[in-house]
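In case you want the letters, here they are:
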Amino acid sequence: MTHLDVARYNKGVSKYRKGDICWINNLEFRNSIIRCKGRPVLILSVKNGIARCRRCTSQTSTFRDRRVIEDLFETGLLKTTYVDMEVVEYPVDRMGKVIGHLSKNDCARLCD
């Protein structure tokens, strides 16, 4: 699991913006209808109550395109974190609080 410095960014932000890292609840496991996993996601955009996101993980992969967040501490992360480059969409009402925000450098590499 990715370890996050929640106290630094947990300020009750109500609007999500590009480059925010927030916690999403009840993610589906791959190839399953069971909803029980929560994880951090990187927000790409929000429109009409749907957030376009990329999943964050602490695991590398040999077959998935994952890129590392370089400015960990500026972002509010405490452990090496990778962003899965696959874009997924989730309803905004499943989003938790904002727990970090990417640096300008990381945002340019990972959000476009």
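All values reported here derive from a predicted model rather than from experimental measurement.

Colleague: Report on the confidence of the model for the protein, specifying residues and quantitative values.
Modeller: Residues of the protein with pLDDT of at least 70 account for 79%, and the chain-wide mean is 81. Between the elements of the protein, mean pLDDT differs from a low of 50, seen in helix α1 (residues 6-9), to a high of 93, seen in strand β5 (residues 82-84). Between residues 9-14, whose pLDDT stays under 50, and residues either more than four places distant or in other chains, the model counts 11 contacts.

Colleague: Can you explain unusual backbone geometry? Please cite residues and give values.
Modeller: With a phi close to 55°, Asn48 is a non-glycine residue in the positive phi region. Tracing the chain through its elements places Asn48 in the loop between β2 (35-47) and β3 (50-57). Given a relative accessible area of 74%, Asn48 falls into the exposed group.

Colleague: How would you summarise the pattern of salt bridges if you had to cite specific residues and measurements?
Modeller: One pass over the structure, following the stated rule, counts six salt bridges. For Arg17, the salt bridge identified is with Asp20, shortest N-O distance 3.5 Å. Note that Arg64 and Glu86 form a salt bridge whose closest N and O atoms lie 2.5 Å from each other. One end of the pair, Arg64, is in the loop between β3 and β4 (66-68); the other, Glu86, is in the loop between β5 and β6 (88-91), with 22 residues separating them in the sequence. A single network of salt bridges, built from pairs that share partners, joins Arg64, Asp84 and Glu86.

What counts and how
Residues numbered from 1 in each chain as written. Predicted model: local features only at pLDDT ≥ 70, side-chain atom pairs only at ≥ 80, totals over all residues. Heavy atoms only, no water. pLDDT = per-residue confidence, 0-100. Helix = DSSP H or I, 4+ residues; strand = E, 2+ residues; numbered from the N terminus. Contact = heavy atoms within 4.5 Å. Buried < 20%, exposed > 50% of the residue type's maximum accessible area, 1.4 Å probe, protein only. Salt bridge = Lys/Arg side-chain N within 4 Å of Asp/Glu carboxyl O.

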